[in-house]
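Coordinate analysis (summary)
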Amino acid sequence: MTIEEVIKSTVKMDNAKKVILNIMYTQNVIQDHFNELIKPYDLSGEQYNVLRILRGQKGNPANMCVIQERMLAKTSNTTRLVDKLLLKEFVTRNVCPDNRRKIEVLITQKGLDVLKELDPKVDEHERTFAENISPEELELLNTLLEKYRTQQN
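Rules used in this analysis
- Residues numbered from 1 in each chain as written.
- Predicted model: local features only at pLDDT ≥ 70, side-chain atom pairs only at ≥ 80, totals over all residues.
- Heavy atoms only, no water.
- Salt bridge = Lys/Arg side-chain N within 4 Å of Asp/Glu carboxyl O.
- Helix = DSSP H or I, 4+ residues; strand = E, 2+ residues; numbered from the N terminus.
- Core = buried A, V, L, I, M, F, W, Y, C linked by side-chain atoms within 4.5 Å.
- Buried < 20%, exposed > 50% of the residue type's maximum accessible area, 1.4 Å probe, protein only.
- Phe/Tyr/Trp six-rings, centres within 6.5 Å; stacked < 30°, edge-to-face > 60°.
- Polar contact = N/O pair within 3.5 Å; in protein donor to acceptor, adjacent residues only side chain to side chain.
- Contact = heavy atoms within 4.5 Å.

**Some points on the pattern of salt bridges**
- Applying the stated rule across the entire model yields 5 salt bridges.
- Taking the shortest distance from any N to any O, the salt bridge between D42 and K88 comes out at 3.7 Å. With a gap of 46 residues between them, D42 in the loop between α2 (15-38) and α3 (45-55) and K88 in the loop between α5 (78-87) and β2 (91-95) connect regions that are remote in the sequence.
- Between E89 and K110 there is a salt bridge, with its nearest N and O atoms 3.9 Å apart.

As structure tokens, this is what we get:
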């Protein structure tokens, strides 16, 4: 289905506008499916992202700055996300012994267990969206999206 059909537009659009609308609409479709996937775990996409970042630390704590700079959504309120994960016992939060102004966050075994359970489901989610595209097309799509978002200043 074309983007014009999706949004029921009869107005002729230039390709630059169509690309933006296609990316935004596709992101919403992917996000809606992903949210349904993680809903039973009482997680938001941003909370899931924090857990993945912390797992990537391989047992080492991360401070709020490290988490924030690795977030997909740079506008996320990291403190609020960590607070919610703390309540669910998916993370621990401690004051850094070397710098009392720094807060260190560590994923718990419970957080690791949730990710381990979600991993195959997330992999399947990703494969489902890629199944209509060849490996070469996926590589090209990644290259084009990376090129597209690199703005010239």
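**Some points on the nonpolar core**
- Grouped together as the largest cluster of nonpolar side chains are 26 residues, with contacts concentrated most on L43, V50, L51, L54, I67 and L118.
- Looking at this core, the elements that each hand over two or more residues are α2, α3, α4 (64-70), α5, β3 (103-107) and α6 (109-130).

**A word on the packing of aromatic side chains**
- Under the counting rule described, the total for this entry stands at 1 aromatic pair.
- Ring geometry for F34 and Y48: centres 5.2 Å apart, planes at 65°, overall edge-to-face. A residue pair is termed long-range when its members are at least 10 positions apart, and F34 in helix α2 and Y48 in helix α3 qualify at 14 residues.
- Under the relative-accessibility criterion, F34 is labelled buried at 11%.

**Structural notes on α3**
- Counting buried residues in α3 gives 8 out of 11 residues, a clear majority hidden from the surface.
- Burial in α3 covers these residues: G45, Q47, Y48, N49, V50, L51, I53 and L54.

**What to know about the side chain of Q57**
- One can find Q57 in the loop between α3 and β1 (62-63).
- Residue classification places Q57 among the buried residues on the basis of a relative accessible area of 14%.
- Of note is the side chain of Q57, whose polar atom sits 3.3 Å from the backbone oxygen of P61.
- When residues no more than four places from it in sequence are discounted, the contact partners of Q57 are A62, V66 and R70.

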